[in-house]
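So you can see what is in the structure, the chains are spelled out below.
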Amino acid sequence: MAEYVLNTWYPIAWSRDIANELTKRRIIEKDLVLYRSSTGKVVAHLDICPHRMAPLSIGRLKDDAIECGYHGMTFDCSGKCIRIPGQRIVGSPAVDTFPTHENMGLVWIWMGDPEKADTSLVYDLPQYHDKENWSSVEGDALEIGCFYLNLADNLCDPAHVSFVHLSTLGNAASEDVPVQFAPTENGQVTWRWIIDAPAIPLFQKFGNFKGNVDRWHYYHYTAPSIAVIDFGSAATGTGAPEGNRDDCIQIYACHFMTPVDADTTIDHWLHVKNFHADAETNSRLSEQFRIAFSEDKLILEAIHHNEKHGVNTRPYRLAIDASPVRMRKLVQTRIEAEKAGQAEPVVA
Amino acid sequence: MAEYVLNTWYPIAWSRDIANELTKRRIIEKDLVLYRSSTGKVVAHLDICPHRMAPLSIGRLKDDAIECGYHGMTFDCSGKCIRIPGQRIVGSPAVDTFPTHENMGLVWIWMGDPEKADTSLVYDLPQYHDKENWSSVEGDALEIGCFYLNLADNLCDPAHVSFVHLSTLGNAASEDVPVQFAPTENGQVTWRWIIDAPAIPLFQKFGNFKGNVDRWHYYHYTAPSIAVIDFGSAATGTGAPEGNRDDCIQIYACHFMTPVDADTTIDHWLHVKNFHADAETNSRLSEQFRIAFSEDKLILEAIHHNEKHGVNTRPYRLAIDASPVRMRKLVQTRIEAEKAGQAEPVVA
Amino acid sequence: MAEYVLNTWYPIAWSRDIANELTKRRIIEKDLVLYRSSTGKVVAHLDICPHRMAPLSIGRLKDDAIECGYHGMTFDCSGKCIRIPGQRIVGSPAVDTFPTHENMGLVWIWMGDPEKADTSLVYDLPQYHDKENWSSVEGDALEIGCFYLNLADNLCDPAHVSFVHLSTLGNAASEDVPVQFAPTENGQVTWRWIIDAPAIPLFQKFGNFKGNVDRWHYYHYTAPSIAVIDFGSAATGTGAPEGNRDDCIQIYACHFMTPVDADTTIDHWLHVKNFHADAETNSRLSEQFRIAFSEDKLILEAIHHNEKHGVNTRPYRLAIDASPVRMRKLVQTRIEAEKAGQAEPVVA
């Protein structure tokens, strides 16, 4: 059993996948049943009937309430038991329920103290909503067989693209460029610039660059499970590093991680770019990300296996590890503060 | 490792499946090898050669004895070693053997003190043998991924049919009808009557009812692993509840459970009905039971998973749980009594 | 976690399978990456990058060095880190490396103190190199789901062939013939002769015997993981037992075991025979061994399962167990001596 931050909004599912039917999801080692009520609101209950522990998800949805498939105990949207067939209701039986909110095409869930579930704290990327200048494409719910903080390590680490993603997001030009990082309100940003170098394969495919480019990667991490990667390129000499990005390609690759359990993470990914494209181009672009993230998955699952079974418990630290190491400390600090009853929810 | 009643006759296999060849079975966490000797008697030994622990079931049957497939140690029907190739027999090596008896198409086994293995204690349903008025059809050996007492819960629980078996054995008419139960010599019976209601789907298919019926379900449980469900219907107003069942459909659905281990049960099921039918009708009837029992399996396996991994350890108890709760206590009492050396075998 | 002899040469792979590319192998519970450098030497490193524990085997081979696939840390043939992209090398980071040597078509590896890795200690069968009088055929890398000492038990045990390998290497004539054994320099030999009996099926197929034969089996075990079985037959009356084997069939069946972990062994097997044959005959001969060894695998895996889950912890010992019991003690003695720092490597 791993430890998790509780008072935060976690992504739990794509909004597109939650309809007026019972759907299973799992997060921080709890099984949940989700459905969209007739009012459009997403309901999320613990997926265990308090009677005999049957999963409510194999019951029936009746008038926005769940009837357990074993003996018909029925729970409304608030989790309250409203019927026990064959007898009156004794006490106040209920199933645990959790606040939800939708934004950016995702259902977000609050697993902590419901009193603190302020929806203004749900993560938001303003460009996602600026349909005039930006366009967004939803990706997948990629299951990765590792703890979510190992994926978070990867997402505080621009250096790996030079070696892992040579066919898509990286190239050799960046191999020896050091990374920098700085704290943000509830996380940190890790970045580097690669100046006057060939465009990466993705931008060779989707950009119109004739010569070398100046390329940036800003990895914005928000504790505990959000990472948004701002990366782009502009023709060298047009002043992009100084702030002039009038003629550039820029993409926010968003990773909204669901910490399922100590061995599993779901990476809900999407991309928001500063140009519009037809469906086929968008689809080809998603395919490039799909290739890249499957490369991360391969490595992260192999590392997870080695961490569980391996011998090397004192790793050799590199300069590029400073940002992931700080990220880990930040998350652990929040967990400890919550346990001590001192934590305040933070704007994500 | 779970605890089990030892001094009882458990069903271990269909008689039809045990021939003059070595066959593996598993019960109360022990692997057994079974075969039918040339005299027709079923032999059941522990499936482990005492020499190097090779399974005897991958050996050879020679003149009613098993020759181990690794080095040829040979054990007769009584378990006694009668040959060690290349040397004389030192001491009295033997493999553990267990008494068996056949009844109702099944092989029954006694895992406890062999001195107490009285075959008159083997379970029997008299109607099974009355070929004139009753006919019986053997079902399957259904493997369910749960502890056998969870299946026994289900078989002391008429209420679940209203929610689990809507296409076969139950309908909404019974939803709010309370259940009753009473102790029997070595178990208990749990029942309810549904008066003046539509026939259940099974009897819609196989009966000739024009109007409403009076329906009964009597769940006869015999500790620790036998459940026989007497259910039937008669036209409303013909006096069935008062005992007049001259013109009714009645079926005994028998469940003879093999407790394999903490995670596995084999349900040997068959049905005995008060009418005769052709093979095709019998087969269609069995198919209806097969559908119903697969619905139980789905729920029981989900509950088993939740019990092993779930969080809710103090269940909310309903009135309908009184019978299963008593059943659990009865079994535990017998286990404790056996451990204390005080238990007497009971007629099943 | 099992215990293993460390200061010994273990077989790790067929030479034919190790080329100038990264290849995974596992031995004594360690994952290794192997490759053949441009000089032809086989390099074997621990398959874990000391940075973040990514397997080096999913990295890239560049100029005889491995570049980690995650962040590009690069290790040369000696295991030394020669590059960290984006920073200078601090300290002396390295990956553990292990001495290797090739003989008899196999790569051998030394998992213990590298100072003691004397290649003159690698096992050798002189007949393998005498291409005039002998011919050898490489077999498979057979994975068996058991601890390697259980396979070693089997390979100090001529008696099992009478019961396990009736279609290939044994027949009923040997059932009651006792076995003998004697210590050797670093192991033991276990043997028996079967005089004036029909030839075994293998020699019925590949020999020209008209009548009965005198047959020998000498099981040469060399601690901890080598077994070479010298078996053959000559026409009865030609004096084979007294040493005259001018007209005989003789085969050395070699088993070079890789102890992978407590549950897994790789048996690299090959055979060396005192006659030459065409490719098709050799292939048919290998097929006979393949059948026989798959019979051993079946039994050894069943025993392994029973040992892990079984109840019989005090086995009944037979006379034929004396040799395997001594073998186990010999290995345990070497392990204890190594732990006490007193062990000397021994000629294998």
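What you see is a predicted model; the values in this text were computed from it and never measured. (Residues numbered from 1 in each chain as written. Chains lettered and ligands numbered in written order. Predicted model: local features only at pLDDT ≥ 70, side-chain atom pairs only at ≥ 80, totals over all residues. Heavy atoms only, no water.)

## Details of the sheet that holds strand S1 (residues 9–14) of chain B
All names here are of chain B.
Move 1: Spatially, three strands are ordered S1-S11-S10 in an open sheet, and the strand pairing comes out antiparallel. The open sheet is flanked by S1 and strand S10 (100–103), the only strands paired with a single partner. Going from strand to strand, the sheet's axes swing by 35 degrees on average, the running direction of each strand aside.
Move 2: Relative to strand S11 (residues 106–110), S1 runs antiparallel, the two being bridged by five bridges. Residue pairing across strands places Ala13 opposite Val107, the latter belonging to S11. (Pairing = 2+ DSSP bridges. Helix = DSSP H or I, 4+ residues; strand = E, 2+ residues; numbered from the N terminus. Axes fitted to C-alpha atoms, helices over the stretch in contact; angles between N-to-C directions.)

## Side note on the UniProt feature "domain: Rieske" (unreviewed entry) in chain A
Move 1: The sites that carry the UniProt feature "domain: Rieske" (unreviewed entry) are, in the present numbering, residues 9–109 of chain A.
Move 2: Within the segment residues 9–109 of chain A, helix and strand shares are 0% and 42% respectively, and the terminal C-alpha atoms sit 5 Å apart. (UniProt positions renumbered as here; feature names shortened; annotations may be inferred.)

## Re unusual backbone geometry
Move 1: Omega for the peptide link from A:Ala223 to A:Pro224 comes to -5 degrees, which places this bond in the cis form.
Move 2: Structurally, A:Pro224 can be placed in the loop between strand S14 (213–222) and strand S15 (226–235).
Move 3: Of note, A:Glu29 is a non-glycine position whose phi angle comes to about 70 degrees, a positive value.
Move 4: Here A:Glu29 lies in the loop between strand S2 (23–27) and strand S3 (30–36).
Move 5: Residue A:Glu29 is classed as buried on the basis of its relative accessible area, which comes to 15%.
Move 6: Backbone geometry places B:Met104, a non-glycine residue, at a positive phi of 55 degrees.
Move 7: Within the secondary structure, B:Met104 is located in the loop between S10 and S11. (Buried < 20%, exposed > 50% of the residue type's maximum accessible area, 1.4 Å probe, protein only.)

## So, the pairing of strand S17 (residues 264–273) of chain A
All names here are of chain A.
Move 1: Most of S17 sits out of view: ten of its ten residues are buried.
Move 2: Side chains Thr264, Ile266, His268, Leu270 and Val272 of S17 all project onto a buried face; the interleaved residues Thr265, Asp267, Trp269, His271 and Lys273 project onto the opposite face, where all are buried too.
Move 3: Across eight bridges, the pairing between strand S11 (residues 135–144) and S17 is antiparallel. Residue pairing in the sheet places Ser135 in a bridge with Lys273 of S17.
Move 4: Here strand S16 (residues 248–261) runs beside S17; their pairing, made up of ten bridges, is antiparallel. When the sheet's bridge partners are listed, Asp261 is paired in S17 with Thr264.
Move 5: The turn linking S16 back onto S17 is made up of two residues.

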